[in-house]
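# Examination of the molecular architecture
Chain by chain, the residues run as shown.
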Amino acid sequence: LGEDFTVFNAGVSGTTLMSTDAAYTNTNRYIQGKEFNPDIVTIMLGTNDSKDRYWGDPNSGFNAEKFETELTALVNEYRNLASKPLVIIATSPTVYDKKVDSINDPNVTEIVAVQKKVAEAMDCPLLDINAYTKDHSSWFDDGVHPNDGGHAEIAKEFAKIIGDTNKADLTSIQVGEMDIKVQDGVMEYTGYVP
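Notes on the structure in this doc start here. Computed from a predicted model, the values in this text were never measured in an experiment.

### Focus on the nonpolar core
- In terms of nonpolar packing, the biggest core is built from 25 residues, with Ile43, Phe67, Leu71, Val75 and Tyr78 touching the most fellow members.
- Every element with two or more residues in this core is listed here: β1 (40-43), α2 (64-79), β2 (86-90) and α3 (105-121).
- Broken down by element, the residue count for this core peaks at five residues, all from α2.
- Not counting residues up to four positions away in its chain, the partners in contact with Leu71 are Leu17, Ile43, Ile89, Gln115 and Val118.
- With eight residues, the next largest nonpolar core counts Ile129, Ile154, Ile161 and Ile162 among its residues.

Set out below in structure tokens:
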């Protein structure tokens, strides 16, 4: 991203989006991430929710409706921060095997559909990591966790969407009949409406 960005990685491996015993929202990193007051937040949670004891168990109460409700709530939680960040939803990567604690691609595919639905409903930019990682099993050593090469490829996609999002080129701001010229490096403008 370059020196114009300060990145705070608030991710926690092994956590779920939904309120399971491994919920991301129960971690210190979640709290620290909000205290960072970010301008941009990327959410890529859902792969661990695909575990059979959550997604595949009809008695667990963890399903598409609950996932949608909790993802919507998480987006709103970030949008309500003082910094009013842009929230980008990233879909879960493709899963290539069922070797890691019952994480599986059929359940991930259902989760991806919900991630896309929430992104559209909430007007969040969507980064389709699931589509991007299709046919790239070599990016994952165990079929679930990206290896160094996979992380690098996925990071490029995150950098691209964040960089594209940050390219709002304004030449002026219109306030009533007043036209305020935008200057490089100036982030705040004041206009007075008669």
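Back to the write-up after that little detour.
### A closer look at the environment of Ser50
- Its location among the elements puts Ser50 in the loop between β1 and α2.
- Its relative accessible area of 0% is what places Ser50 among the buried residues.
- Expressed as a C-alpha distance, the spacing of Ser50 and Pro106, which sit 56 residues apart in the sequence, is 8.4 Å.

### Considerations on the pattern of salt bridges
- Under the counting rule described, the total for this entry stands at eight salt bridges.
- Here Lys116 ties to Asp128 by a salt bridge, and the two come within 3.2 Å at their closest N and O atoms. Within this pair, whereas Lys116 is found in helix α3, its partner Asp128 is found in the loop between β3 (126-127) and α4 (129-133), the two being separated by twelve residues in sequence.
- By sharing partners, the salt bridges in this structure join Lys51, Arg53 and Asp101 into a single network.

### Quick look at the pairing of β1
- Burial of the side chains of β1 is restricted to one face: Val41 and Ile43 are buried, whereas none of Ile40 and Thr42 on the reverse face is.
- Across four bridges, the pairing between β1 and β2 is parallel. If you follow Ile43 over to β2, its bridge partner there is Ile89.
- On the question of chirality, the crossover connecting β1 to the parallel β2 by way of α2 is right-handed.

### Remarks on the sheet that holds β1
- Strand order in this open sheet of three strands is β1-β2-β3, and the pairing throughout is parallel. Two strands in the sheet have a free side with no partner beyond their single neighbour: β1 and β3.
- Of the pairings in the sheet, the one linking β2 to β3 comprises two bridges and is parallel in character. For Ala90, the partnering residue across the bridge sits in β3 and is Leu127.
- Lying over the sheet, α3 contacts β2 and β3, oriented at roughly 155° with respect to β2.

### Brief notes about the packing of aromatic side chains
- This model, assessed by the stated rule, comprises seven aromatic pairs.
- The interplanar angle of 20° and the centroid separation of 5.2 Å between the aromatic rings of Phe8 and Phe36 together place this pair among those described as stacked. Of the two residues, Phe8 sits in the segment before α1 (28-35) while Phe36 sits in the loop between α1 and β1, which places them 28 residues apart along the sequence.
- With relative accessibility at 35%, the residue Phe36 sits in the partly exposed group.
- Ring-pair connections join several aromatic residues into one group, and the members of that group are Tyr24, Tyr30 and Tyr78.

Criteria and thresholds
Residues numbered from 1 in each chain as written. Predicted model: local features only at pLDDT ≥ 70, side-chain atom pairs only at ≥ 80, totals over all residues. Heavy atoms only, no water. Core = buried A, V, L, I, M, F, W, Y, C linked by side-chain atoms within 4.5 Å. Buried < 20%, exposed > 50% of the residue type's maximum accessible area, 1.4 Å probe, protein only. Helix = DSSP H or I, 4+ residues; strand = E, 2+ residues; numbered from the N terminus. Contact = heavy atoms within 4.5 Å. Salt bridge = Lys/Arg side-chain N within 4 Å of Asp/Glu carboxyl O. Pairing = 2+ DSSP bridges. Right-handed = clockwise from strand over helix to strand, strands pointing away. Axes fitted to C-alpha atoms, helices over the stretch in contact; angles between N-to-C directions. Phe/Tyr/Trp six-rings, centres within 6.5 Å; stacked < 30°, edge-to-face > 60°.

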